[in-house]
Amino acid sequence: MSDKVVLIPGDGIGPSISDSVVRVLDAAGAGIDWETRHAGAETLSSHGDTLPEATLEAVRSAGVALKGPITTPVGKGFASVNVRLRKALDLYANLRPVESLPNVKTCHNDVDLVVVRENTEGLYSGIEHEVIPGVVESLKIMTRSACTRICRFAFEYAKRRGRAKVTAVHKANIMKLADGLFLDCFHEVAADYPGIEATDSIVDAACMRLVMNPHQFDVVVMENLYGDILSDLCAGLVGGLGVTPGANIGDRVAVFEAVHGSAPDIAGKNLANPTALLCSSVLMLRHLGKDEVADRVMGAIRRTLSDGIRTRDLGGTASTSEYTEAVVARL
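Because the structure is a prediction, the values reported are computed rather than measured.

A. Structural detail: the layout of surface pockets. In this structure, the largest pocket occupies an estimated 660 Å³ of space. Around the largest pocket sit 31 residues that line it, and Pro97, Tyr157, Arg161, Leu283 and Arg286 are the ones nearest its centre. When residues of the lining of the largest pocket are traced back to their parent elements, those giving at least two are strand E4 (93-99), helix H5 (144-160), strand E11 (245-249), strand E12 (254-258), helix H9 (275-287) and helix H10 (291-306). Per-element tally for the lining of the largest pocket: the top contributor is H9, with 5 residues. Taken together, the residues of the lining of the largest pocket sort by class into 18 nonpolar, 4 polar and 9 charged. Within this model, the second largest pocket holds a volume of roughly 540 Å³. The wall of the second largest pocket is formed by 28 residues, among which Ser80, Asn82, Val83, Arg86 and Arg117 lie closest to the centre. Sorting the residues of the lining of the second largest pocket by element identifies helix H4 (81-89), E4, strand E6 (122-132), helix H8 (224-237) and E12 as the ones contributing at least two each. The leading source of residues in the lining of the second largest pocket is H4, at 4 residues. Considered class by class, the residues forming the lining of the second largest pocket number 7 nonpolar, 11 polar and 10 charged.

And the structure:
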């Protein structure tokens, strides 16, 4: 039986790398029934909105979506499409596994950690006002319910994936109430998982420790702003956003995505690197309970890179289509 997945190709290189993923997953026998829907800057002219309601309804109905990079029109009053998706579908958990890949040169080898970011509140609530001319106040909203559910998500993920440790990243030494609440919720949840080590780290110290020795971390969980920053920092440990998968997950819906940009300068030139979206599709397969297919696809990606077949952004010469066919050949 096939699983229905909404495919949102996105803008720029999005359609090209989305085609690559469909090619690989179909060749792997993943059993995906793709339903293509649209969102992004290029959708504005055809649908009158960067995130049409029909796209949202399709994602709600299917429960799972795979999304290419999306561009939000700049300077025209449009809200971020990604933020709208998260809010409309209550995708409260941002999941960013970070794992070293063969033949991708970085400062560290054998990095294997997971960043879990709360998606719905914190400073990114966007509640700001001007108190007096020249003085702006921005409110950081933290709630016990949101802090608790993101911490529980992190521990549940660690339990399912056989991870040994979860670390809360915070600034409770300064923001004693807001981050103090997050830290309290973390330790309350940790008590329900005695088999998993629970530690915490102040955010600036965590950044230094990640750069010096990322191997000391396993699963890290944090509020929205810290997660936004540290997830990209961690991506840099393994080669950047072009090789890093991502997912936004709620209780009823999960959207898997490439977290890099739409790269309009190389759109349509057969130069894009589909690795990040391919790795995101592996996360999607695991979410759907297709672990065996996920293992085969991930193995094929790793063997392709090990054999020196890389796109130009990784120092190779392969085109998008050549890289895609190389992965298919190694399934």
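B. Spatial organisation of the pairing of strand E5 (residues 112-118). With 6 of 7 residues buried, E5 lies mostly within the body of the structure. One ladder, built from 7 bridges, connects E4 with E5; its direction is antiparallel. Along E5, the bridge assignment pairs Leu95 with Val116. In the sheet, E5 pairs with strand E10 (residues 219-222) via 4 bridges, with the strands oriented parallel. Residue pairing for E10: Val116 is matched across the bridge by Val221.

C. Quick peek at the packing of helix H1 (residues 14-27) against helix H11 (residues 320-329). Where H1 meets H11, the closest approach of the two axes is 9 Å, and the angle between their N-to-C directions is 15 degrees. Classified by the angle their axes make, H1 and H11 are roughly parallel. Regarding H1 and H11, the two cross each other, and that crossing is right-handed. Taken together, the residues of H11 that come into contact with H1 (itself represented by Ser16, Ser20, Arg23, Val24 and Ala27) are Thr320, Thr324, Glu325, Val327 and Val328. Tallied by class, residues from the contact of H1 with H11 come to 4 nonpolar, 4 polar and 2 charged.

What counts, and at which threshold
- Residues numbered from 1 in each chain as written.
- Predicted model: local features only at pLDDT ≥ 70, side-chain atom pairs only at ≥ 80, totals over all residues.
- Heavy atoms only, no water.
- 1 Å grid on protein atoms, 1.4 Å probe; cavity = no way out; pocket = protein on both sides within 12 Å on 5 of 7 lines; lining within 4 Å.
- Points joined across faces, edges and corners; volume = space filled by probe spheres on them.
- Helix = DSSP H or I, 4+ residues; strand = E, 2+ residues; numbered from the N terminus.
- Nonpolar A, V, L, I, M, F, W, Y, C, P; charged D, E, K, R; others polar.
- Buried < 20%, exposed > 50% of the residue type's maximum accessible area, 1.4 Å probe, protein only.
- Pairing = 2+ DSSP bridges.
- Axes fitted to C-alpha atoms, helices over the stretch in contact; angles between N-to-C directions.
- Parallel < 35°, antiparallel > 145°, perpendicular 65-115°, else oblique.
- Left-handed = near helix turned anticlockwise from the far one by under 90°.
- Contact = heavy atoms within 4.5 Å.

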